[in-house]
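Descriptive structure summary
This is what each chain is made of:
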Amino acid sequence: MTLLVLQHVSKAYGGVPALRGVTLTVSPGEIHALMGENGAGKSTLIKILAGVVAPDSATIRMDGAPVVIDSPRVAHRLGLRFIHQELNVVPTLSVAENILLSQPVPRRLGLFVDWAKLNRLAGEALKTLGITHIDPRAPLAALSLGDQMLVKISSALVSEPGAPARLYVMDEPTAALTREESERLFRVLNEIRRAGNSVLYVSHRLDEVMTLCDRATVLRDGVAIDSGKLADITHNDLVSMMIGRKVQDAYPAPARPAESRELFAAIDLSGPGVGPITLAVKAGEVLGIAGLSGMGQTALLRMILGDTRAKGDMRLDGQPWRPRGPADAWQGGVAYVPAERRSEGLVLSRPIYENITLPHLSRQSRSGLLLLRGLERALSQKLGDGVRLKANTVNQRAVELSGGNQQKVVFAKALNGTPKLLLLNEPTRGVDVGAKFDIYQIIRTMTAKGLGVILVSSDLPELIGMADRIAIMRSGEVKDVVAAQGLGEEALLNLCYGRDAAKVA
Amino acid sequence: MLKFVLRFGTLIGFAIILVVFTIALPESFLTARNWLNISQQLSMLTVVAAGMTVVMVMGDFDLSVGSMATLAGVVAALLFTLGQPIEVAVGAALLIGLLGGIFNGIMVSVFGILPFVATLATLTMFSGAAFIVSGGKTISGRAIPEAFGAFARTGVDIGGFIVPNLTIVAALVLVVTWVLLEQTPFGRRLYAIGGNIEAAHLSGVRVRRLKIAAFALTGLSAAGAGLLYASRVASANPTQGSGLMLNAIAAVFLGMTMSRQGEPRLLGTLMGVLILGVLDNGLTQMSVDSYVRQVLVGGIILIAVALGSISKTRRR
Ligand SMILES: Nc1ncnc2c1ncn2[C@@H]1O[C@H](COP(=O)(O)OP(=O)(O)OP(=O)(O)O)[C@@H](O)[C@H]1O
Ligand SMILES: [Mg+2]
């Protein structure tokens with residue numbers, strides 16, 4: 001008996017097909033991966049199942065019986081629980097209220113909200129994921145993206161007597177989680193499987209999928225391919241099913257070693273809650289920044305960007321570097337890829353090309369006075385192609401792109417205007433394997449010409465594979481700087497925790 | 001079909017209004033004279049609404065435009081009574097609009113006060129200032145130079161029609177604002193701020209400066225409208241701009257229902273202004289009581305905006 005059968009699922013956006021007769025089955029007690037390149041239609045399929053997007057055609061059966069899901073409420077009643085790629089949280093409500101949003105509010109005397117109970121229930125929900133560092137009373141807006149994701153996951157895991165959960169659908173839940181948080185999530189997912197319930201799981205982290213999931217459905221060119229048992233195939237088989245071409249699945253080596261010329265330096269840099277930090281980046285070098293989440297990595301980047309006032313000295317290209325704001329920074333050749341593409345990276349309601357040219361509009365217009373849309377479009381097309389941006393045209397609004405393609409727009413924007421120093425904060429979050437390595441290749445090509453990169457990432461293999469040296473941040477300070485070459489993941493993780501501070505390069 | 005009605009509801013509604021008036025007022029409605037008249041009546045609102053669109057593109061709005069229009073008119077009139085020439089009086093009034101707008105912009109962007117609160121406060125301030133300057137009385141008569149009043153009463157002969165000067169000024173303001181919003185980096189950045197202020201800031205948009213500039217333009221346009229009005233009635237009194245603010249905001253909202261993304265666009269605003277003006281013109285000619293007129297106009301705005309938001313929240 002299968003739990004869920006989806007058949008003949010088709011959906012086109014404005015005449016462009018996203019799904020063409022897709023079939024997907026999920027058995028009870030199974031963790032089923034849904035794979036595919038950026039823009040393959042994974043989130044669209046999930047939103048159809050959730051009753052958020054209306055399909056052009058679809059047949060859905062649960063436990064063999066046909067069902068029609070035309071609203072999120074129906075999906076919920078059928079026992080489906082969703083964690084969508086775009087977090088649907090209410091930032092002005094507290095953590096507890098967000099966790100119990102779909103539940104009746106606990107009340108005293110049937111009238112007053114029982115806040116103590118609400119917070120206690122929320123605290124328990126968080127504990128199922130082993131989370132103790134999030135205060136249920138905190139406003140959600142104060143949380144990092146990763147923590148918001150954890151809140152959302154906890155909320156989906158809260159059991160409800162009325163409509164018991166049968167299938168959890170998670171669209172890239174680990175994209176913003178640290179390794180430890182992900183592992184705690186996997187333990188919970190394994191328990192769900194053991195209890196006979198199922199999970200439909202989307203991720204671009206193949207290792208994760210290979211160890212966690214039983215089977216996979218791969219979407220490519222709008223049609224579905226059944227992978228069979230994942231235990232029977234290799235990592236590379238899965239990649240070629242997704243991409244249909246051989247992908248270089250290794251971090252490209254630098255074309256030449258970093259120059260000895262210092263490109264950027266920060267001396268005793270400090271700001272609210274961070275510092276003092278002293279570090280230097282050579283021309284052509286990738287300086288990785290590792291650390292547990294919230295150790296001041298973002299604050300460091302934002303000081304260099306001039307967004308937060310900083311004490312101390314900075315130098316770029318031999319000149320004092322004192323940007324009074326991001327506008328100065330972009331003009332001076334510093335580009336920034338923020339960690340949260342939707343809230344910090346993109347003007348979602350505007351076209352792709354407007355996003356890409358926003359930082360350098362003065363130069364990319366006629367004397368800064370009249371727009372040159374043709375030039376903007378051509379430029380955006382070129383930069384977009386470089387990162388394998390999948391969009392109908394560069395006139396498409398950013399909101400219409402798939403998550404990974406939105407991330408590519410943010411990266412393309414940073415490449416605009418030939419920067420000297422790239423500040424990258426989780427630059428490949430949500431990007432598929434193929435495009436990821438194109439992005440790495442671009443970084444290599446640009447560093448060969450003398451670009452410097454500061455790369456903040458929670459993806460440890462990415463740091464080790466791409467960085468020349470890695471600075472480890474703990475409690476707002478750079479505690480160690482180590483050479484990336486030959487560094488193991490465990491060793492790096494230990495450094496992040498401060499368990500082993502021996503190796504100093 | 002339903003989709004179509006929801007999407008183009010406002011335009012369809014406008015067409016229906018036109019048809020109804022054409023049938024109900026066969027003699028007078030569809031005449032060049034009536035439309036030139038409408039265009040002149042609407043010139044003040046057009047100018048204010050264009051300025052309002054500039055700040056609403058950023059997601060802000062300005063409640064003080066009406067009292068700024070009043071203040072500008074009164075200041076010009078006062079300078080006339082002091083024997084100042086037209087250029088000085090007009091220049092001073094426009095300068096006050098610019099400064100008042102900059103003040104609004106600083107309150108909103110530097111001090112971070114919500115536009116609603118900040119411009120509500122300046123609404124009161126400008127209005128009070130207008131009373132102080134005018135001594136609470138209407139300034140009219142011989143103090144107002146002949147040429148100032150004549151400007152509104154005359155026009156330019158274009159193809160046999162005398163197009164009123166006020167209409168021409170409003171058209172020029174529209175063109176300039178359209179170019180600014182749609183064809184310059186300035187406008188592009190305002191739309192970026194309206195879409196996502198944080199992302200715009202991190203992408204190197206100088207949000208603070210632009211907000212101040214945008215509010216300055218709105219203030220300037222309000223002062224300009226005040227001058228047009230003063231010229232039209234050849235006088236200035238401390239309450240004359242009172243209806244402008246609500247109508248300008250209503251016009252922009254009506255326009256927003258016509259753009260696909262629900263963003264303020266200048267051409268949409270123009271349509272909004274026309275709808276309001278044509279309704280007023282037609283209903284007046286049909287001698288509908290002015291209070292009934294208010295109820296009707298308010299209801300039509302609500303329906304249009306409601307239809308627009310329904311069409312945007314439906315399942316895709
Ligand atoms: N609202 C929309 N309007 C137009 N096109 C859309 C819209 N939403 C999605 N699409 C298109 O549908 C296709 C599938 O998008 P979807 O978000 O399902 O991809 P995905 O597989 O989830 O990718 P990712 O791994 O990047 O999250 C994309 O080409 C996207 O551009
Ligand atoms: Mg997706």
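A tally of regular secondary structure across chain B gives 14 helices and two strands. Computed over the C-alpha atoms, the radius of gyration of chain B is 20 Å, within 12% of the 20 Å expected from 2.2 N^0.38 for a compact globule of 316 residues. When burial is assessed residue by residue, chain B has 48% of its 316 residues classed as buried. A fraction of 77% describes how many contacts in chain B between residues 6 or more apart in sequence connect residues 24 or more apart. One way to put it: in chain B the 20 positive side-chain charges average out to a point 11 Å from where the 11 negative ones average out.

All names here are of chain A. Here the magnesium ion (ligand 2) is held by S43 (OG) and Q85 (OE1), and the distances to it run 2.0 to 2.1 Å. On the criterion of sequence distance, the pair formed by S43 in helix α1 (residues 42-49) and Q85 in the loop between β6 (80-83) and α3 (95-99) is long-range, its members being 42 residues apart. Residue classification places S43 among the buried residues on the basis of a relative accessible area of 15%.

Here we take up the sheet that holds strand β15 (residues 286-290) of chain A. Residue and element names in this part refer to chain A. Read across the sheet, six strands follow the order β18-β21-β22-β15-β23-β24 without closing on themselves; strand pairing throughout is mixed. Here the strands that pair on one side only, and so sit at the sheet edges, are β18 (334-337) and β24 (477-483). Neighbour-to-neighbour, the strand axes of the sheet open up by a mean angle of 20°, direction not taken into account. Across five bridges, the pairing between strand β21 (residues 421-425) and strand β22 (residues 452-456) is parallel.

Here we take up the site of ligand 1. Residue and element names in this part refer to chain A. In the neighbourhood of ligand 1, 21 residues make up the surrounding shell, with K42, S43, T44, S402 and G404 lying closest. Between ligand 1 and T44, the relevant distance is 2.5 Å, taken from an oxygen atom to a side-chain nitrogen or oxygen of the residue. Q85 has a polar side-chain atom sitting 3.0 Å from an oxygen atom of ligand 1. Expressed as a share of its isolated accessible area of 640 Å², the protein-covered part of ligand 1 is 89%. For the shell around ligand 1, the secondary structure elements donating two or more residues are α1 and α14 (403-415). Considering only residue class, the shell around ligand 1 consists of four nonpolar, twelve polar and five charged. Of the domains in this structure, domain 1 (4-243) and domain 3 (340-418) are the two that each give at least three residues to the shell around ligand 1.

Another aspect to go through is the domain arrangement of chain A. As a measure of interface size, the accessible area lost when the parts come together is often cited. All names here are of chain A. One can read the domain layout of chain A as domain 1 (4-243), domain 2 (249-333 + 420-428 + 451-505) and domain 3 (340-418). Domain 1 puts six residues into the contact, and the matching count from domain 2 is seven residues. When the buried surface of domain 1 facing domain 2 is broken down by residue, T178, R179 and E180 rank first, second and third, together holding 69% of it. Summed over the shared surface of domain 1 and domain 2, the result is two salt bridges. Of the charged contacts, one joins E489 and R179 as a salt bridge, the two residues approaching to 2.7 Å between their closest N and O atoms. In this assembly, domain 1 and domain 2 are joined by three residue pairs in polar contact (both at pLDDT 80 or more). For the side of domain 1 that touches domain 2, the secondary-structure elements that each account for two or more residues are α6 (179-194) and α8 (235-243). For the side of domain 1 that touches domain 2, the class distribution of residues is one nonpolar, three polar and two charged.

Before going further, it helps to spend a moment on the pattern of salt bridges. Taken as a whole, this structure holds 33 salt bridges over all chains when the rule is applied. Where A:D328 meets B:R206, a salt bridge forms, and the shortest distance between an N and an O atom there is 3.3 Å. Of this pair, A:D328 sits in helix α10 (residues 326-331) while B:R206 sits in the loop between α10 (197-202) and α11 (207-233), on two different chains. Residue A:E376 is joined to B:R188 by a salt bridge in which the shortest nitrogen-to-oxygen separation is 2.7 Å. In this pair, A:E376 sits in helix α13 (residues 373-386) while B:R188 sits in helix α9 (residues 185-195), so the two residues belong to two different chains. B:R188 shares its class with A:E376; the two are buried. Bridged by salt links that share partners, the residues A:R350, A:E354, A:E376, B:E182, B:R188, B:E263 and B:R265 form one connected network.

Quick look at a nonpolar patch on the surface now. A cluster of nonpolar side chains, contributed by A:L369, A:L370, B:V175, B:W178, B:V179 and B:L267, occupies part of the molecular surface with about 530 Å² of accessible area. Element by element, the count of residues in the nonpolar patch is highest for helix α8 (residues 165-183) of chain B, at three residues. Looking at the element boundaries, B:V179 is found in helix α8.

This part is about the pairing of strand β1 (residues 155-158) of chain B. All names here are of chain B. Relative to strand β2 (residues 161-164), β1 runs antiparallel, the two being bridged by four bridges. Residue pairing in the sheet places G155 in a bridge with P164 of β2. The hairpin turn running from β1 into β2, its antiparallel successor, is two residues long, and G159 in that turn takes a positive phi close to 55°.

Moving on, we get to the interface of chain A and chain B. On the side of chain B, 24 residues touch chain A, which itself brings 41 residues to the contact. In total, chain A and chain B occlude about 2,700 Å² of area from one another, counting both sides; carbon and sulfur atoms represent 49% of this. Put simply, chain A and chain B have five salt bridges between them. A salt bridge links A:R350 to B:E263; the nearest nitrogen and oxygen atoms lie 2.8 Å apart. Where chain A packs against chain B, one counts 15 residue pairs in polar contact (both at pLDDT 80 or more). Those elements giving two or more residues to the side of chain A that touches chain B turn out to be α10, α11 (341-345), α12 (352-357), β20 (370-371) and α13 of chain A. With five residues, α10(A) is the single largest residue contributor to the side of chain A that touches chain B. Across the side of chain A that touches chain B, the residue classes break down as 19 nonpolar, nine polar and 13 charged.

In this model, A:R388 sits at a positive phi of 55°, which is unusual for a non-glycine residue. For A:R388, the position within the fold is in the loop between α13 and α14. Under the relative-accessibility criterion, A:R388 is labelled partly exposed at 38%. Despite not being glycine, B:A234 has its phi angle at roughly 50°, a positive value. According to the relative accessible area criterion, B:A234 is partly exposed, its value standing at 27%.

Residues and elements named next belong to chain A. Locating K436 in the fold gives a position in helix α15 (residues 433-448). Here K436 is buried and forms no salt bridge, its nearest opposite-charge partner D459 lying at an N-O distance of 4.0 Å. Apart from residues no more than four positions distant in its own chain, K436 is found in contact with T428, V431 and D459.

About the cut-offs
Residues numbered from 1 in each chain as written. Chains lettered and ligands numbered in written order. Predicted model: local features only at pLDDT ≥ 70, side-chain atom pairs only at ≥ 80, totals over all residues. Heavy atoms only, no water. Helix = DSSP H or I, 4+ residues; strand = E, 2+ residues; numbered from the N terminus. Rg over C-alpha atoms; globule rule 2.2 N^0.38 Å. Buried < 20%, exposed > 50% of the residue type's maximum accessible area, 1.4 Å probe, protein only. Contact = heavy atoms within 4.5 Å. Lys, Arg positive; Asp, Glu negative; His and termini not counted. Charge placed at Lys NZ, Arg CZ, Asp CG, Glu CD. Donors = N, O, S within 2.8 Å, 3.2 Å for Na, K, Ca; no water. Pairing = 2+ DSSP bridges. Axes fitted to C-alpha atoms, helices over the stretch in contact; angles between N-to-C directions. Near = heavy atom within 4 Å. Polar contact = N/O pair within 3.5 Å; in protein donor to acceptor, adjacent residues only side chain to side chain. Areas by Shrake-Rupley, 256 points an atom, 1.4 Å probe, with all protein chains shown as cover. Nonpolar A, V, L, I, M, F, W, Y, C, P; charged D, E, K, R; others polar. Domains from an automatic or database assignment. Buried area = accessible area lost by both parts, 1.4 Å probe. Salt bridge = Lys/Arg side-chain N within 4 Å of Asp/Glu carboxyl O. Patch = residues over 30% accessible without salt bridge, like charges linked within 9 Å, V, L, I, M, F, W, Y side chains within 5 Å.

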